[in-house]
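The primary structure of each chain is shown beneath.
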Amino acid sequence: VSAGPTYEDIDPVRFIGNRSSGRMGFAVAEAAAQAGAKVTLISGPVNLPTPHGVDRVNVRSARQMCDAVLAVSGRSDIFISAAAVGDYRVEARSPTKLKKTGKPLSLELIQNPDILAEVAALPKRPFLVGFAAETKDVERYARDKLERKKLDMIAANLVGTDLGFESSENALLLLWQEGSEDLGQADKKVLARALVERIASRFHTSIDKVATE
């Protein structure tokens, strides 16, 4: 399970980040461990305690998270990508604090690795579950991500006032190739338990399907 934000340093003082609290990913890791799974939680910078029975790896940047995920994905059955990974990083981090000059500041941004795509390309890829946090057209954007990144399942959520980031509640819409299920709005720990149950069911269905082919 990946969780939390990633930070991309601009200089020794400033960084580019996002508002992810990590609560959803941590709740998923906790629910998976309670369901009997051996869980590795790869977390960006958050102020949350490690769930009981979970192995935790702390990272800061998207590249560090990618390396940590790839280090365990080849021997994992399921990867749940709940982290809000930054899409871009500064091309050249300043070694010293940038000073105000009275003129506009331009930063050259380059794209970070696509962690889901890298995991999907592994010779033995795990069952892939992605997240899609959107501010509008949630199902359309999530369905596109499901197809484009060749995911087995995606959990889509609307982010905004009192939902998603920096909130104890969330609302999830689950999508997979053959269908969907709306889990509605609830506390993140409640949603996490429901999500883990659905993932386990779809995972075992996929195993049975392969066995009969």
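Above this text you will find the structure in question.
Conventions adopted
- Residues numbered from 1 in each chain as written.
- Predicted model: local features only at pLDDT ≥ 70, side-chain atom pairs only at ≥ 80, totals over all residues.
- Heavy atoms only, no water.
- Helix = DSSP H or I, 4+ residues; strand = E, 2+ residues; numbered from the N terminus.
- Rg over C-alpha atoms; globule rule 2.2 N^0.38 Å.
- Contact = heavy atoms within 4.5 Å.
- Areas by Shrake-Rupley, 256 points an atom, 1.4 Å probe, with all protein chains shown as cover.
- Lys, Arg positive; Asp, Glu negative; His and termini not counted.
- Charge placed at Lys NZ, Arg CZ, Asp CG, Glu CD.
- Salt bridge = Lys/Arg side-chain N within 4 Å of Asp/Glu carboxyl O.
- Buried < 20%, exposed > 50% of the residue type's maximum accessible area, 1.4 Å probe, protein only.

(A) Focus on the overall build of the protein chain. Secondary structure summary: the protein chain contains five helices and twelve strands in total. Taken over the C-alpha trace, the protein chain has a radius of gyration of 18 Å; the compact-globule value for 213 residues is 17 Å, and the two agree within 12%. Along the first, second and third principal axes, the C-alpha atoms of the protein chain reach 65 × 40 × 35 Å. The long-range share in the protein chain, meaning contacts at least 24 apart out of those at least 6 apart in sequence, stands at 57%. A total of about 11,800 Å² of accessible surface is found on the protein chain, and carbon and sulfur atoms cover 49% of it. Each charge sign in the protein chain was given a centre, from 29 positive and 28 negative side chains, and these centres are 7 Å apart.

(B) Examining the pattern of salt bridges more closely. Inspection of every chain in the model, using the stated rule, returns ten salt bridges. Asp-11 serves as the salt-bridge partner of Arg-14, at 2.6 Å between the closest nitrogen and oxygen. Residue classification places Arg-14 among the partly exposed residues on the basis of a relative accessible area of 33%. Under the relative-accessibility criterion, Asp-11 is labelled buried at 0%. Two residues, Asp-114 and Lys-149, come together in a salt bridge whose shortest N-O distance is 3.1 Å. Here Asp-114 is found in the loop between strand S8 (109-111) and helix H3 (115-120), whereas its partner Lys-149 is found in the loop between helix H4 (138-148) and strand S10 (153-158), with 35 residues between them in sequence.

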